[in-house]
Amino acid sequence: MASITMKDLVKAYGDTEVLHHIEGDINDGEFIVIVGPSGCGKSTLLRMVAGLETVTSGEISIGDKVVNKLEPADRDIAMVFQNYALYPHMSVRENMAYGLKIRKIAKAEIDRRVREAADILEIGQYLDRKPRQLSGGQRQRVAMGRAIVRNPQVFLFDEPLSNLDAKLRVQMRLEIRKLQQRLGVTSIYVTHDQVEAMTLGDRLMVLNGGYVEQFGTPIELYDRPATLFVAGFIGSPSMNFLPAEAKDGTLTLGNGATVSGGGHSTGAVTLGIRPEHLMHDENGPIGISVQMFEQLGANTLLHGVLEGTDTEIVASMPGHVSTGEGSVMRFSAEASVLHVFDAASGKRIEE
Amino acid sequence: MSKPAKRDRRILWAASVPMMLLALSCVYPIYFAINNALKDRKGYILDRFGLVTDPSIENFVTAWSRARFDEYFFNSVTVTAGAVLALLLVSSLAGFALAVLRFPARKLIFGVILASLMIPVQVVLVPFYQTIVALELLNTRIGLILSYTAFFLPFSTYLMTAFYAALPRELVDAARVDGAKFLQVWWYVMLPMGKPALLTLGILNTLYCWNDVLISLLVLQDERTLMVGIAALRGEYTTNVPLLSAAIVLGAAPIVLLYVIFQRKIVAGIATGAVKG
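Residues numbered from 1 in each chain as written. Chains lettered and ligands numbered in written order. Predicted model: local features only at pLDDT ≥ 70, side-chain atom pairs only at ≥ 80, totals over all residues.

## As for the overall build of chain B
Okay, so step 1: The helix and strand tally for chain B stands at 13 helices and zero strands.
Okay, so step 2: Its helices and strands taken in sequence order, chain B reads α-α-α-α-α-α-α-α-α-α-α-α-α from the N to the C terminus.
Okay, so step 3: Principal-axis analysis of the C-alpha atoms places the extent of chain B at approximately 75 × 70 × 30 Å.
Okay, so step 4: When the 277 residues of chain B are sorted by exposure, 32% land in the buried category.
Okay, so step 5: Expressed as a percentage of contacts within chain B between residues at least 6 apart in sequence, the contacts between residues at least 24 apart total 76%. (Helix = DSSP H or I, 4+ residues; strand = E, 2+ residues; numbered from the N terminus. Buried ≥ 20, exposed ≤ 12 C-beta atoms within 10 Å, placed from the backbone. Contact = placed C-beta atoms within 7 Å.)

## Comments concerning the overall build of chain A
Okay, so step 1: The helix and strand tally for chain A stands at eight helices and 20 strands.
Okay, so step 2: Overall size of chain A, expressed as C-alpha extent along the three principal axes, is 75 × 45 × 35 Å.
Okay, so step 3: The buried share of chain A, taken over its 351 residues, is 41%.

## Observations regarding the domain arrangement of chain A
Okay, so step 1: Taken domain by domain, chain A consists of domain 1 (4-230) and domain 2 (240-342).
Okay, so step 2: Between the C-alpha centres of domain 1 of chain A and domain 2 of chain A the distance comes to 39 Å. (Domains from an automatic or database assignment.)

## Let's talk about the interface of chain A and chain B
Okay, so step 1: In this complex, chain A contributes 18 residues to the contact, which on the side of chain B involves 18 residues.
Okay, so step 2: Within the residue set of the side of chain A that touches chain B, elements represented by two or more residues are β6 (77-80) and α2 (92-102) of chain A.
Okay, so step 3: Of the residues that constitute the side of chain A that touches chain B, the class distribution is 13 nonpolar, three polar and two charged. (Nonpolar A, V, L, I, M, F, W, Y, C, P; charged D, E, K, R; others polar.)

## Things to note about the domain arrangement of chain B
Okay, so step 1: If you check the domain split of chain B, you get domain 1 (3-58) and domain 2 (69-232).
Okay, so step 2: Relative to domain 2 of chain B, the C-alpha centre of domain 1 of chain B lies at a distance of 38 Å.

## Things to note about the pairing of β6(A)
Residue and element names in this part refer to chain A.
Okay, so step 1: Burial of the side chains of β6 extends over both faces: Ile77 and Met79 are buried on one face and Ala78 and Val80 on the other.
Okay, so step 2: Relative to strand β7 (residues 154-158), β6 runs parallel, the two sharing four bridges. Opposite Met79, over in β7, you have Leu156 as the bridge partner. (Pairing = 2+ DSSP bridges.)

## Things to note about the packing of helix α4 (residues 69-100) of chain B against helix α9 (residues 182-193) of chain B
All names here are of chain B.
Okay, so step 1: Between α4 and α9, the shortest axis-to-axis distance is 11 Å and the interhelical angle comes to 100 degrees. As far as their axial angle goes, α9 and α4 are roughly perpendicular. Along its contact with α4, which presents Ser92, Leu93 and Phe96, the element α9 presents Trp186, Met190 and Leu191. (Axes fitted to C-alpha atoms, helices over the stretch in contact; angles between N-to-C directions. Parallel < 35°, antiparallel > 145°, perpendicular 65-115°, else oblique.)

## A closer look at the sheet that holds β7(A)
Residue and element names in this part refer to chain A.
Okay, so step 1: Reading across the sheet, the six strands line up as β6-β7-β8-β3-β9-β10 and stay open at both edges, with mixed pairing between neighbours. The two strands at the open ends of the sheet, each matched to only one other strand, are β6 and β10 (211-216). Between one strand axis and the next, the sheet turns by 15 degrees as a mean value, whatever way the strands run.
Okay, so step 2: Note: strand β3 (residues 31-35) against strand β8 (residues 186-191), five bridges, orientation parallel.

Here is the structure:
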């Protein structure tokens, strides 16, 4: 078990800097999810921790040891890859044993550990099969088994579930979480799926364009997103953004409607309201010209525009709502769930 | 019979006849060689093309013992086996390095290897011969093994590089995280995964080395390889055609045998994808 520290980490390919001064402390036994859109540098960051990519500048430590110059083999880590990366010419048993065999661990010990990991992952009956004879979910388990048997200080997951179908993904997500809690191994998990990130991580590092936008618990990110990007990325359906003018604790929307909020700031801001925080209220300040409904069963998503403007807005209403297309429905939101961002910098404006 | 069926039949015939002639042109020399190898000289002169009436293996015995084909055969087997092993070993290592490792001038080196593919052997014969002499490798089997390896290596390296470059990179990453050093990655992962390509190269290079006359004639001047021995059987004024035929059959047999043994593996090797998604 070990903590991981990233200090002023930079990665550049030639003159192109792809990761900019990443800072982060990961505690022993913590499950960290790095999340962000494609090309934000999250996989590169993970591969730098693994030692598969060189560090341009800055420092990575695992435990108390700076590992910048260490080979992946000497970092005591295990990694699970998106396409599983099982050795196709080896049986499941050989795949799992390979890392131990190369470290010259005694045969009996290898057998014991492989058996143990196979039991945990319930793949005991497949040990003599080749990877191509297994389904996607089974292969994923083997890939995790290969990581577990090594008993490493750190687990690294590089989008391990994105090749699985939706149902299996949810199931494996839970299993990974349970497994990590049971083994207590420090883990870093990379994904582009915000639901996966929210459900798995003790803490989330949101990466965008090579910058850390925010690093905190899922609830912190949901309740107090630090930037417009995090606000839009975390939560589903994503947050509504309404341009507004702030003055003396009042926000004036594009159509002249006002809501209280914005604290002491003055000038152009962006008001963020999550769809689930818009309450149906006949006297509410926010009017929505309804365009269509999406029935999700438990709730209904109302799509429309802010009355008198063309700013799109989504509201989530409990139960079944299906009448009112073309009309204007009114909503209100509590001041505590409003998020105000500086329109120019996209940074959160604290009350 | 209806009209369309009649027309189909005509097309079938029009395609089949040239095909059959083509097939015949391939099969006939083989028949000619085997048939005449079984005749004696008199029988051959009296009837060149007719089926052998009194078959005898006299010519094979003569070729093997009196024309020193036993020695030639041994030379060919040693040199071919040595060269093919060296080729597979070096091209697999080089392919691994060029496809997977990142080092300076990697593209340049690959470019030079590709360029050397375009140079015919004949063009470099003189400097090649001088090099062999300077290295005191003239008339040694090891010299011929090294020569074959040098001449056929560019293609082998190119093929292995292309093959390894198509494998998912994560396999190498996974092995490195598992604790393998680069040579271990090659030995445990790349070499076994390269089997289909190595098998193809093994067959091709065996053919090239076994059938070569030119390089062998230059390097091994005192001793001979099988193909040089066969070529030497042709006299300026007379040729003992039955003896030559027997020698040809002896020379071709190992290759045919090799193909029969590996045929199924070759097909299976090509059919099995290295990685299924």
